[in-house]
Amino acid sequence: MAPVIHRSGFIHRPLRRARRPPIPDGPCCHVLGMTTFSSFDFQLNRPGALIAAVPAVLGFAPEQSLVLVTVVGGEMGAVLRVDLSEGFFEALPDALGHLSDMAAAADADAAIGVIVDENCVDCPMCADMYRDVSRELEEALADHGIELFAVHIVDRVAAGGRWHCADGCGNAGVVEDPESSPVAMAAVLDGRRLYARRADLVEVVAVTDARRAEALRPALEIHAAAVDYPGRTDADVRADIEHAVACVGRPSDGTPLPDDDAVRLACSVADAKVRDTLYALAVGENAASAEAVWASLTRTLPAPWRVEALVLLAFSAYARGDGPLAGVALQAALDVDSAHRMAGMLDAALQSGMRPDRIRELALTGYKLAERLGVQMPPRKIFGRSA
């Protein structure tokens, strides 16, 4: 499994390429930008509170994980997570080296490690193993001039979970209630949904009815075969964009799009002009409705037709600061098409910790394309500093 960056509000993604060591889940900038607490006052000197804040940053409560909370200028920065899988321990130096590289890329001054292992309580062998992991992590971070403040081991990231220091210092305590964490409250107020487990988050982009998805394949292939993508006129492109905007503007009761609309949208966004224009919806007044449409398509369409919907969903989630959702959508997209250019670019941006406001700048290109084509897009949404 790959580690993932969550810039105090970013991501989560597993290992996809055998040649790479496990890498962090992805970047998340969401909660960081929203918190105004003094890190030392609120979290860094209070392990129970720090651990309780982690689910709000990752979007879910981690299990069997190494979480690295970076510190930038005395405040919480990027948060990285990697599965404590067998592959992680087999490639420990490379895995910790890559984790440290990502912490350095996030401009970290220092870091705090949190090891989540339900078997860690009263396990002398585990204590020795994680003491070694902590020592190697400290050395890997030191190579980048990053100080490791502490490493805490916890059995579960939930109210009442028990933590203790990895180096045998004797400090120990209980985890505060994650649902009552000020970071969680800020995340919810900002419109983010928090999940009990990462698997629950992954289900947001999973195909829900495989039989229906396969039933759509013939219609998708027939529709796509009838389109001369290189020779399309501006009028053709404009009609597809207007159809997408109309789908987004319809009242939704949560049911999937009708088959005809799903097929047309899937084939429309295969056209780069249509797709690139629709990125503008991520910063429009009906961005939430657009995101719901893309999410519905990811759960409805078969591969490879779902890949563009996954990338549009990832872009929308990233633009509003929901790194966890963006991360799982990108993972699913790259699983379908590892060479997808936009998915790769967004993935790299997440891995490097690029903030959502930079991503929203890309969406402005969609408005320029729409103006050139004579399409009326929804008015732009005003984002606050927290996003």
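Up top you'll find the structure we're talking about.
Because the structure is predicted, anything quoted here is derived from the model rather than measured. (Residues numbered from 1 in each chain as written. Predicted model: local features only at pLDDT ≥ 70, side-chain atom pairs only at ≥ 80, totals over all residues. Heavy atoms only, no water.)

S.K.: Mind showing me how you'd approach the side chain of R275 here?
M.R.: With respect to the helices and strands, R275 occurs in helix α12 (residues 272-278). Here the side chain of R275 touches D276 through a polar contact of 3.3 Å, side chain to side chain. (Helix = DSSP H or I, 4+ residues; strand = E, 2+ residues; numbered from the N terminus. Polar contact = N/O pair within 3.5 Å; in protein donor to acceptor, adjacent residues only side chain to side chain.)

S.K.: How do you make sense of the packing of aromatic side chains when you look at a structure like this?
M.R.: The geometry of an aromatic ring pair comes down to the distance between the two centres and the angle between the two planes. Applying the stated criterion across every chain yields a total of 3 aromatic pairs. With a centroid separation of 5.2 Å and 80° between ring planes, the pair formed by F88 and F89 is classed as edge-to-face. Looking at F88, the relative accessible area reads 1%, which means it is buried. What makes F89 partly exposed here is its relative accessible area of 28%. (Phe/Tyr/Trp six-rings, centres within 6.5 Å; stacked < 30°, edge-to-face > 60°. Buried < 20%, exposed > 50% of the residue type's maximum accessible area, 1.4 Å probe, protein only.)

S.K.: Is there a simple way to think about helix α17 (residues 356-373) in this case?
M.R.: Note on helix geometry: an α-helix contains 3.6 residues per turn, so any two residues three or four positions apart are oriented the same way. Here α17 spans 27 Å end to end across 18 residues, near enough to the 26 Å set by a 1.5 Å rise per residue. Residues of α17 that are buried include every one of P356, I359, R360, A363, G366, Y367, A370 and L373, and no others. The buried residues of α17 all sit within an arc of 125° when viewed along its axis, so they share a single face. More than 90 degrees from the buried face of α17, the exposed residues found are K368, E371 and R372. Of the surrounding secondary structure, the elements contacted by the buried residues of α17 are α10 (234-249), α12, α14 (307-319) and α16 (341-352). Two residues or fewer past α17, G374 is found with a positive phi of approximately 80°. (Expected span 1.5 Å × (residues − 1). Arc of directions from axis to C-beta. Contact = heavy atoms within 4.5 Å.)

S.K.: Looking at this structure, how should I read the state of the cysteines?
M.R.: What is meant by a disulfide is a covalent connection between two cysteines, made through their sulfur atoms. Using the criterion set out here, one finds 2 disulfides in the structure. In this model C123 forms its disulfide with C126; the gap between the sulfur atoms is 2.3 Å. Here the S-S torsion is close to 70°, and the disulfide linking C123 with C126 is therefore right-handed. The partner cysteine of C165 in its disulfide is C169, sulfur to sulfur 2.2 Å. Judged by the torsion about the S-S bond (-130°), the C165/C169 disulfide is left-handed. Note on C169: relative accessible area 44%, which makes it partly exposed. Taken in sequence order, the bonded cysteines of the chain link in the pattern 1-2, 3-4. (Disulfide = S-S within 2.5 Å.)

S.K.: Even after reading the chapter, I still don't get the side chain of D117, so can you show me in this structure?
M.R.: Of note, D117 is situated in the loop between β4 (110-116) and α6 (124-142). Polar side-chain contacts of D117 include one of 2.8 Å to the backbone nitrogen of N119. Apart from residues no more than four positions distant in its own chain, D117 is found in contact with Q64, Y130, V154 and D155.

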